[in-house]
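Given next are the chains, with one letter for each unit.
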Amino acid sequence: MAEDLRTNIVEQEEDINEIIAVRREKLAKLKAEGKDPFAITKFNKDADAADILNNYPAYEGKIVHIAGRIMSRRIMGKASFCHIQDGTSLIQLYFRIDAIGEEKYEEFKKLDIGDIIGIEGEVFTTHKGEKSVKVDDYILLTKSLLPLPEKYHGLKDTDLRYRQRYLDLIMNPEVRDTFIKRSKIITAIRRYLENLGFIEVETPILNTILGGANARPFITHHNTLDIDMYLRIAPELYLKRLIVGGFLKVYEMGRLFRNEGMSIKHNPEFTSIELYQAYADYNDMMDITEELFKYCANEVLGTTEITYQGTPISLGGKWRRVTMADLIKEHTGIDFYAHSMEEIRAKAEAIGVEIPEGMSWGNAMYTIFDQKIEEHLIQPTFVIDYPVEVSPLAKRKPSDPRLVERFEFFIYAREMGNAFSELNDPIDQKARFEEQVKARAAGDEEAQMMDEDYVNALEYGLPPTGGLGIGIDRMVMLFTDSYSIRDVLLFPTMKPKA
């Protein structure tokens, strides 16, 4: 069995090598005849396949100039058909020997699947009812030297699809649709925020101090300054400096880099948006989040009622807002306001969550939530009022200083974003940074560093401010019903092949 498999693989490789050799011979012959397709610099298109198919009455009987990649061919006697993909749709071409001449017809028959051609022809409908273009002339614009995957099975190998996205886009048109939707989502986000008066800004990607989130960084080296620097894990501290400086509403959308695990939900570099509004709090950020998702869903999908991985998700209506403590009580029966730490530890152990001796009240709450509650949060849910221990940049709740005014929101059991009423007390902020420094010294590579300049900025005065961060990739996954984050990244991070 293994020997048969190895023989089959060798035969396939020999077939491909033979195909490549034949295509290179064709190219060499074309060049020798002065018909080098790679020497052509331009083709003047005046129509797209999708326009012709969707607005056929406006094109019927007219001469058009279109171009695209040959995806199929049916060679017959004195007339043949092929389909080209031009980036908007697939359209049929009809070649006749009496229309283009015997020499060009013979040259057409020698073209290969994957070649890119430009054509001039008349739009018409075949007797079978297919909207097509009757070719009067054509030109080979690019010679494809590698064969496309066999059309009936397409390109299904996910590893190859991610590594060779260009081939994935050629063979799987629905992939192109995903990234068109991604672009529309990003455009809609910008439009929504612009309508609210937010200004888009840019802050450094290379940082000398690690801050704004708890994450393990990528480290690089600046040769001229001879210092190590970090690819940013968050733009938060720079954006809040701008609020100190007098901006009222700012946001930044761009790449962040975190040197952490990879999964269907995580890629080491990802796109995020962070926004900050002066004189606002986390309640305002909840309102913005909810309306932003509804706006984008209506703009891109035309509805707020969607389906993700077979599960109906309703983005319309009022999203649930519930405290972390209440969710834990609802799903486990553990009451952080009524039970002692001994009772909490015992009840947690009974449901399979270990709370070590000495763990704080807040860390115990977050541990139980993280391990037992997220899986229940399918419909849009704001989880509010987090422990201060896991929220070093958020403002404490006046009614309970063990908690902060922070929320994360979840859809389909996935954290989609994070927001605070921003901490603006420089003394409290410095003390929390010092706790982070201790944690880092004790071996926590994700802990933040002391940022003296940020504390200095706070000492000049940060007004009450609401801040929000949303993972764009996960938002796109939701709106395109994509299972993996790699399906919404054109070029996801991959381990190089040996």
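Every chain is numbered independently, its residues counted from 1 as its sequence is written. Given that this is a predicted model, residues contribute local features only at a pLDDT of at least 70 and side-chain atom pairs are listed and counted only at 80 or more, while totals for whole chains, interfaces and linings are drawn from all residues. Note: side-chain values were computed over all heavy atoms of the structure, leaving out hydrogens and water.

**Re the confidence of the model for the chain**
Rules: What pLDDT expresses is the predictor's confidence in each residue, scored from 0 to 100. In what follows, a contact means two residues having at least one pair of non-hydrogen atoms within 4.5 Å.
On average, residues of the chain score 94 in pLDDT, and 96% of them reach the 70 mark or higher. Scored below 50 in pLDDT, residues 1-11 shows zero contacts in the model against residues more than four places distant or in partner chains.

**Brief notes about the packing of aromatic side chains**
How we decide: By convention, a stacked pair of Phe, Tyr or Trp rings (six-membered ring in the case of Trp) has centres within 6.5 Å and planes under 30 degrees apart, an edge-to-face pair has planes over 60 apart, and any other such pair is tilted. Put simply, DSSP H or I for four residues or longer makes a helix, DSSP E for two residues or longer makes a strand, and each gets a number counted from the N terminus. Note on classification: 1.4 Å probe, protein chains only; a residue is buried when its accessible area is under 20% of the maximum for its type, exposed when over 50%, partly exposed between these limits. In this analysis the charged atom, NZ for Lys or CZ for Arg, is taken to sit over a ring once it is within 6 Å of the ring centre and within 35 degrees of the ring normal.
The tally for this structure, following the rule as stated, stands at 22 aromatic pairs. Ring centres of tyrosine 94 and phenylalanine 124 lie 5.9 Å apart, and the angle between their planes is 40°; this geometry places the pair in the tilted category. Here tyrosine 94, found in strand β3 (residues 90-96), pairs with phenylalanine 124, found in strand β4 (residues 116-125); they are 30 residues apart in sequence, far enough to count as distant. As far as the burial class goes, tyrosine 94 and phenylalanine 124 line up, both buried. With 5.7 Å between their ring centres and 80° between their planes, phenylalanine 95 and tyrosine 138 make a pair best called edge-to-face. With a gap of 43 residues between them, phenylalanine 95 in strand β3 and tyrosine 138 in strand β5 (residues 131-142) connect regions that are remote in the sequence. Classification of phenylalanine 95 as buried rests on a relative accessible area of 0%. Through successive ring pairs, a cluster of aromatic residues spans Phe293, Trp319, Phe382, Phe407, Phe409 and Phe479. If you follow lysine 134 out to its NZ or CZ, it ends over the ring of phenylalanine 124, 4.8 Å from the centre. In this arrangement the basic side chain of arginine 241 is found over the ring face of tyrosine 238, its NZ or CZ atom lying 5.1 Å from the centre.

**Describing the packing of helix α14 (residues 426-441) against helix α15 (residues 452-460)**
The geometry of a pair of packed helices is captured by two quantities: the angle between their axes and the separation between those axes. Applied cut-off: Angles shown run from 0 to 180 degrees and are taken between the N-to-C directions of axes, each axis being a line fitted to C-alpha atoms and, for helices, limited to the stretch in contact. Oblique is the label for every angle not falling under 35 degrees (roughly parallel), over 145 degrees (roughly antiparallel), or within 65 to 115 degrees (roughly perpendicular). The hand of a helix crossing depends on one turn: near helix anticlockwise from the far one by less than a right angle means left-handed, and clockwise means right-handed. Note on residue categories: nonpolar means Ala, Val, Leu, Ile, Met, Phe, Trp, Tyr, Cys or Pro, charged means Asp, Glu, Lys or Arg, and polar means any other residue, Gly included.
One can describe the packing of α14 onto α15 by two numbers: an axis separation of 9 Å at closest approach and a directional angle of 165°. Between α14 and α15, the angle is such that the two are roughly antiparallel. When the axes of α14 and α15 are compared, the crossing they make is right-handed. Taking contact as the criterion, the partners of Pro426, Gln429, Lys430 and Phe433 in α14 are, on α15, Glu452, Tyr454, Val455, Leu458 and Glu459. Its residues assigned to classes, the contact of α14 with α15 comprises five nonpolar, one polar and three charged.

**Regarding the sheet that holds strand β7 (residues 206-207)**
Let me state the cut-off plainly: Two strands pair if DSSP finds at least two bridges between them.
Read from one edge to the other, the open sheet built from three strands follows the order β7-β9-β8, with strand pairing classed as antiparallel. With one partner strand each, in any of the chains shown, β7 and β8 (219-222) form the two edges of the open sheet. Two elements, β7 and strand β9 (residues 227-231), share two bridges in a ladder whose sense is antiparallel. Considered in β9, the bridge of leucine 206 is made with leucine 231.

**Regarding unusual backbone geometry**
The phi dihedral of aspartate 226 is positive, around 55°, even though this residue is not glycine. Along the chain, aspartate 226 falls in the loop between β8 and β9. With a phi close to 55°, aspartate 481 is a non-glycine residue in the positive phi region. Among the secondary structure elements, aspartate 481 is positioned in the segment after α16 (472-480).

**A word on the sheet that holds strand β1 (residues 63-74)**
Strand order around the closed barrel formed by five strands is β1-β2-β3-β5-β4, with mixed pairing between neighbours. Strand after strand, the sheet turns through a mean of 55° between neighbouring axes, direction not considered. Note that β3 and β5 share three bridges and pair parallel. Across the sheet, the residue bridging to tyrosine 94 is lysine 134, located in β5.

**Some remarks on the packing of helix α9 (residues 236-244) against α15**
Contact pair α9 / α15: the axes reach a minimum separation of 10 Å and the direction vectors enclose 25°. In this view, α9 runs roughly parallel relative to α15, as classed from their interaxial angle. The two elements α9 and α15 meet at a crossing, and its hand is left-handed. Counting all contacts with α9, which are made through Leu237, Lys240, Arg241 and Val244, the residues of α15 involved are Asp453, Tyr454, Ala457 and Tyr460. By residue class, the composition of the contact of α9 with α15 is five nonpolar, no polar and three charged.

**Section: the pairing of β5**
For β4 and β5, the ladder comprises ten bridges, and the chain directions are antiparallel. Across the sheet, phenylalanine 124 pairs through a bridge with serine 132, a residue of β5. The hairpin turn running from β4 into β5, its antiparallel successor, is five residues long, and glycine 129 in that turn takes a positive phi close to 90°.

**Concerning the nonpolar core**
Applicable threshold: What we call a nonpolar core is a set of buried Ala, Val, Leu, Ile, Met, Phe, Trp, Tyr and Cys residues that are connected through their side-chain atoms within 4.5 Å.
Formed by 45 residues in total, the largest nonpolar core has its most connected members in Ile189, Phe293, Leu315, Phe407, Leu478 and Phe479. The greatest single-element share of this core, amounting to ten residues, is contributed by helix α10 (residues 282-300). Not counting residues up to four positions away in its chain, the partners in contact with phenylalanine 293 are Leu315, Trp319, Phe409, Ile411, Met416, Ile470, Met475, Leu478 and Phe479. Formed by 41 residues, the second largest nonpolar core is a distinct cluster that contains Ile344, Leu377, Phe433 and Leu458.

**So, the pattern of salt bridges**
For clarity, the threshold we go by: Whenever a carboxyl oxygen of Asp or Glu lies within 4 Å of a side-chain nitrogen of Lys or Arg, that contact is scored as a salt bridge.
Evaluation of the coordinates by the stated rule reveals 39 salt bridges. Between lysine 35 and glutamate 107 there is a salt bridge, and its shortest N-O distance comes to 2.5 Å. Here lysine 35 is found in the loop between α1 (2-32) and α2 (49-54), whereas its partner glutamate 107 is found in helix α5 (residues 102-109), with 72 residues between them in sequence. For lysine 35, a relative accessible area of 34% puts it in the partly exposed group. Judged by its relative accessible area of 26%, glutamate 107 falls in the partly exposed class. Where aspartate 137 meets lysine 104, a salt bridge forms, and the shortest distance between an N and an O atom there is 2.9 Å. Taken together, the residues span a long stretch of sequence, with aspartate 137 in strand β5 and lysine 104 in helix α5 at a distance of 33 residues. Classification of aspartate 137 by relative accessible area gives partly exposed; the value is 36%. Ionic contacts of the salt-bridge type, sharing partners, join the residues Asp287, Glu290, Glu291, Lys294, Lys318 and Arg321 into one network.

**Quick notes on α9**
For α9, the complete set of buried residues consists of Glu236, Leu237, Leu239, Lys240, Arg241 and Ile243. Where α9 is buried, its residues contact β10 (249-257), β11 (269-278), β18 (414-421), α14, α15 and β19 (465-471). Count one or two residues on from α9 and you reach glycine 246, which has phi positive near 120°.

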